[in-house]
Amino acid sequence: MALLQIAEPGQSPQPHQRRLAVGIDLGTTNSLVAAVRSGLAEALPDAEGRLLMPSAVRYHAQQIEVGQSAKQAAAQDPLNTVLSVKRLMGRGLADVKQLGEQLPYRFVGGESHMPFIDTVQGPKSPVEVSADILKVLRQRAEATLGGELVGAVITVPAYFDEAQRQATKDAARLAGLNVLRLLNEPTAAAVAYGLDQQAEGLVAIYDLGGGTFDISILRLTGGVFEVLATGGDSALGGDDFDHAIAGWIIAEAGLSTDIAPGQQRSLLHSACVAKEALSAAESVTVKHGDWSGELNRQQFVELIEPMVARSLKACRRAVRDAGIELLEVEAVVMVGGSTRVPRVREAVAELFARQPLTDIDPDQVVAIGAAIQADTLAGNKRDGEELLLLDVIPLSLGLETMGGLLEKVIPRNTTIPVARAQDFTTYKDGQTAMMIHVLQGERELISDCRSLARFELRGIPPMVAGSAKIRVTFQVDADGLLSVAARELGSGVEATIQVKPSYGLTDGEVARMLQDSFKFASDDKVARVLREQQVDAERLLVAVQAALQMDGERLLEACERAEIELQMRLLSELMVGSDGAAIEQQTKRVTQVTDAFAARRLDATVKAGLAGRRLNEIEE
Amino acid sequence: MGSPCHFALFELKPAFVLDLAQLATRYRELARSVHPDRFADGSEREQRLALEHSASLNEAYQVLKNTSARARYLLSLSGSELPLEVTVQDPAFLLQQMQLREELEDLQDSADLAGVEAFKQRLKLAQNELNQQFAGCWDVPASREQAERLVRRMQFLDKLSYEVRQLEERLDD
């Protein structure tokens, strides 16, 4: 049977039968599924006609509840109800602890780095929770479209890193979906708008969702969507607006900050209701328990201003990265429920000096774009009709080099797919193995970047230091997923890994990769920590030295200055040694003795700024 | 690795002066024909080949659309690969670079945005001048040394414009 189905690539084997494929927007707050039906892309409703499904999963002993009813149960059953799981995707236990105070769950961390949420059904990983959401959407699509799905395009924030993408793909697989492509959300939105409006030229997509912010700059030319630059913040979204309002309620109502999980949920709920009401009303009455208070739009604007400013800064950076000017952008598209907040629209309009487009429902636009792309990938389009999406990697990829520094192999905003090689050599005589540490990020120090994988190239024939030639090749596929290969060119010895986050422990490759790293982990880690401490100390010394030179005379008493200089001398002596703990302690000490000085300098700068003059002018 | 010449991929003769709009159009056409999305249905082998073709197309486009990368590539085609980091035996240029860098530091200290803008314009002019000089000598064998010097100068200016961008980022707070 299969032998008879001969078809050209990209062509449907049975021309009259469409192959069913869907686009899924797996959102922080809401998720939805869309498909192209009779040539039109639209979101698919559930049995009750609702398009949006809250990304909420409640675990009962015997069953799983997903969507609206689960969301409603969040306050009464906070420990077994998971909301905003997207914020945990691809994150380690340590990252999650940073978010920890905001999250009511009990986390259990096993041997793996993955955070598990303890529920009545046992520990659940974020990947499983996401898979439970996807399963419901898949069932909805199959029921509505009346058949089995060929595959799905799942959207992810453009700014998602490697681990977050891989986690999303795994969740889809776990839900029984064939992933045709992981598609960046802003790119999906551009597809929905671009095709709708036959647009050409430079377009900015401002996507502020529940938990993530993305900005992408694209060039649209005859069905080709070329991403020029992308940026954002994978921990900034409407949820943060809620938290800001919740903080305001706590302060106004004089509540203790030590709040039970259930109360925290209802607090956040009150905050969210107030936020949504303020999109239309100038002022709302906020109720929480017995307390009630008045929140007006101006106060709300002040609460969220720091977050709005952060998003605008990311926009300016993306525009610079794209090598264009702000005013060259011909259209700005708003995506994500949080762009309903009037202050957000206003700030974006000011930045780009044009009214942003909001014609397609900001909650649906991503899923619709994904559906259009899914339809293309499933082979339902004729030749020449297909659109082409040329996306980029959001964060630079590189390798650790000596001294704990990141050597970038592929810079951010490079068009994918991409393959790039870099040559390294051995540094010891007779060295037969080399550790390859792959990282992602923009900072110089590897400690500031995200570690993706470590593996080892073994069996290098013993040679004099510097004479082996080891070529490390990075390859990023069209989903933005990375694989790395290392090869000694003389002997042909080779090692390859597909970079995967640590929960894929069953995967043989990853197990081996971990095994390898354990052997080296302990001394490697000590050296790295020491190096970081030395670098921190050095940075501090340089900064204090510069500050002393500039403002020491003016802002310090002689004895204060002497104390600072003494502590600095002690630190520079310790710094050349290898006692990490002592270096760290002395670094703290220097910070302490310079605290007052730093505060005075800040005051002086502020005053000078207020007077509209520069510091050096005041001195004279 | 036996890959075809970047220019040949675009059916172009090696040249320094290129019509970038035309290059972009050609790139989009080529990308359409080799992108893995076209082979979403294809065999594993087809998908792998598409990935490889796409990656080398993207690489070629990166190199050709960037002026100094293109210059360096042209020289590597007609001679030995240029070492990236060499001391420039070019004292006058080095002195000028140091002055520019000091200027940039002053701009940082004074957070002078208009000054940064003016600095960028000057940098652009300097880059254009280098490009013109390079266009006139890269394919003249007797001027090989001059061409290499120009490429190194280009790289210095690239680095400087990278620093300007980082400065803009720091000032953008």
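Residues numbered from 1 in each chain as written. Chains lettered and ligands numbered in written order. Predicted model: local features only at pLDDT ≥ 70, side-chain atom pairs only at ≥ 80, totals over all residues. Heavy atoms only, no water.

The number of helices and strands found in chain B is 7 helices and 0 strands. Listing each helix as α and each strand as β along chain B from the N terminus yields α-α-α-α-α-α-α. Taken over C-alpha atoms, the radius of gyration comes to 20 Å for chain B, far larger than the 16 Å a tight globule of 173 residues would show. Taking the principal axes of its C-alpha atoms as reference, chain B extends roughly 60 × 50 × 25 Å. Here chain B, with 173 residues, has 38% of them falling under the buried criterion. Here the analysis covers contacts within chain B between residues at least 6 apart in sequence; of these, 67% occur between residues at least 24 apart. By element, 52% of the accessible surface of chain B is carried by carbon and sulfur atoms, the whole surface being about 10000 Å². Charge-centre separation for chain B: the mean point of 21 positive side chains lies 6 Å from the mean point of 29 negative side chains. (Helix = DSSP H or I, 4+ residues; strand = E, 2+ residues; numbered from the N terminus. Rg over C-alpha atoms; globule rule 2.2 N^0.38 Å. Buried < 20%, exposed > 50% of the residue type's maximum accessible area, 1.4 Å probe, protein only. Contact = heavy atoms within 4.5 Å. Areas by Shrake-Rupley, 256 points an atom, 1.4 Å probe, with all protein chains shown as cover. Lys, Arg positive; Asp, Glu negative; His and termini not counted. Charge placed at Lys NZ, Arg CZ, Asp CG, Glu CD.)

Attention now goes to the interface of chain A and chain B. Of the residues lining the interface, 40 residues belong to chain A; the matching set on chain B comes to 28 residues. A buried area of about 2900 Å², summed over both sides, lies between chain A and chain B, and 45% of it is on carbon and sulfur atoms. The interface formed by chain A and chain B includes 6 salt bridges. For the salt bridge of Glu169 of chain B with Arg317 of chain A, the shortest nitrogen-to-oxygen distance reads 3.2 Å. At the level of secondary structure, the elements contributing two or more residues to the side of chain A that touches chain B comprise strand S14 (213-221), strand S15 (224-233), helix H8 (297-321), helix H10 (365-377), strand S19 (388-390), strand S22 (418-424) and strand S25 (470-476) of chain A. Broken down by element, the residue count for the side of chain A that touches chain B peaks at 5 residues, all from H8 of chain A. (Buried area = accessible area lost by both parts, 1.4 Å probe. Salt bridge = Lys/Arg side-chain N within 4 Å of Asp/Glu carboxyl O.)

Let's shift gears to the pattern of salt bridges. Counted under the stated rule, the structure contains 47 salt bridges over all chains. Note that Asp46 of chain A and Arg50 of chain A form a salt bridge whose closest N and O atoms lie 3.2 Å from each other. One network of salt bridges, in which partners are shared, links Asp321, Lys408, Arg412 and Glu442 of chain A together with Arg165 of chain B.

Residues and elements named next belong to chain A. In spatial order, the strands read S18-S13-S14-S15-S19; together these 5 strands make up an open sheet with mixed pairing. The open sheet has two edge strands with one neighbour each: strand S18 (331-335) and S19. Within the sheet, the average angular offset between the axes of one strand and its neighbour, ignoring direction, is 25°. (Pairing = 2+ DSSP bridges. Axes fitted to C-alpha atoms, helices over the stretch in contact; angles between N-to-C directions.)

Moving on, we get to the environment of Gly293 of chain A. Residues and elements named next belong to chain A. Residue position: Gly293 is located in strand S17 (residues 291-296). Since its relative accessible area comes to 15%, Gly293 is described here as buried. Between the C-alpha atoms of Gly293 and Ala271, which are 22 residues apart in sequence, the distance is 12 Å. When neighbours within four sequence positions are excluded, Gly293 is seen to be in contact with Val284, Thr285 and Val286.

Residues and elements named next belong to chain A. An ideal rise of 1.5 Å per residue puts 24 Å on 17 residues; helix H7 (residues 261-277) measures up with 24 Å between its terminal C-alpha atoms. Turning to H7, its buried residues are Gln264, Arg265, Leu267, Leu268, Ser270, Ala271, Ala274 and Lys275. Looking at the buried residues of H7, the elements they touch are strand S7 (81-83), helix H6 (238-253), strand S16 (283-288) and H8. (Expected span 1.5 Å × (residues − 1).)

Nonpolar side chains in soluble globular proteins tend to be buried together. Within the largest apolar cluster, 47 residues are counted, with the highest numbers of intra-cluster contacts made by Tyr206, Val344 and Phe352 of chain A. Counting residues per element, this core draws most heavily on H8 of chain A, at 9 residues. Other than its neighbours up to four places away in sequence, Val344 of chain A contacts Tyr206, Leu208, Phe241, Val308, Met334, Ser338 and Thr339 of chain A. If you look at the next biggest cluster of nonpolar residues, it comprises 42 residues, including Phe7, Ala69, Leu74 and Val116 of chain B. (Core = buried A, V, L, I, M, F, W, Y, C linked by side-chain atoms within 4.5 Å.)

Moving on to the side chain of His35 of chain B. Inspection of the secondary structure puts His35 of chain B in the loop between helix H2 (20-34) and helix H3 (44-65). Residue His35 of chain B is classed as buried on the basis of its relative accessible area of 4%. Ignoring any residue separated from it by four or fewer positions in sequence, one finds His35 of chain B in contact with Arg181, Leu388, Leu389, Leu390, Ile416, Pro417 and Ala478 of chain A together with Ala50 and Ser54 of chain B.

Okay, the packing of H3 of chain B against helix H4 (residues 67-77) of chain B next. Residue and element names in this part refer to chain B. Where H3 contacts H4, the axes come no closer than 5 Å and their chain directions differ by 105°. Viewed along their axes, H3 and H4 adopt a mutual orientation that is roughly perpendicular. Residues Val63, Leu64 and Lys65 of H3 touch H4, and the partners they reach there are Thr67, Ala69, Arg70 and Tyr73. (Parallel < 35°, antiparallel > 145°, perpendicular 65-115°, else oblique.)

Turning next to unusual backbone geometry. The residue after Ile416 of chain A, namely Pro417 of chain A, is reached through a cis peptide bond having omega 0°. In this structure, Pro417 of chain A sits in the loop between strand S21 (405-410) and S22. Here Glu11 of chain B, not a glycine, exhibits a phi torsion of approximately 55°, which is positive. Mapped onto the elements of the fold, Glu11 of chain B is located in the loop between helix H1 (6-9) and H2.

Another point: the pairing of strand S13 (residues 201-208) of chain A. All names here are of chain A. Within S13, 8 of the 8 residues are buried, leaving the element largely enclosed by the surrounding structure. Across 8 bridges, S13 lies against S14 in antiparallel orientation. Bridged to Val203 within S14 is Leu218. Here S13 folds back onto S14, and the loop between the two strands holds 4 residues.

What follows covers the confidence of the model for chain A. Predicted coordinates in areas of low pLDDT are best not read in detail. All names here are of chain A. The predicted model of chain A averages 83 in pLDDT, with 86% of residues at 70 or higher. Of the regions scoring below 50 in pLDDT, residues 501-522 engages in 26 contacts with residues more than four places distant in sequence or in other chains. Across residues 609-620, confidence stays below pLDDT 50; counting only partners more than four residues off in sequence or on other chains, it has 13 contacts. (pLDDT = per-residue confidence, 0-100.)

This part takes up the sheet that holds strand S6 (residues 64-66) of chain A. All names here are of chain A. The 3 strands lie next to each other as S6-S5-S7, forming an open sheet whose pairing is antiparallel. Both outer strands of the open sheet, S6 and S7, are each paired with one neighbouring strand and no more. Shown here is a sheet whose adjacent strand axes are inclined to one another by a mean of 20°, direction ignored. The pairing of strand S5 (residues 56-59) with S6 spans 3 bridges and is classified as antiparallel. Looking at the pairing, Tyr59 lines up with Ile64 of S6. The strands touched by helix H3 (residues 126-145) are S5, S6 and S7; relative to S5, the strand with the most contacts, the crossing angle is about 110°.

All names here are of chain A. Here helix H12 (residues 558-575) spans 26 Å end to end across 18 residues, near enough to the 26 Å set by a 1.5 Å rise per residue. Turning to H12, its buried residues number three or more, namely Ile564, Gln567, Met568, Leu571 and Met575. Angularly, the buried residues of H12 cover 105° about the axis, an arc narrow enough to put them on a single face. When the buried face of H12 is taken as reference, the exposed residues oriented beyond 90 degrees from it are Ala558, Cys559 and Glu573. (Arc of directions from axis to C-beta.)

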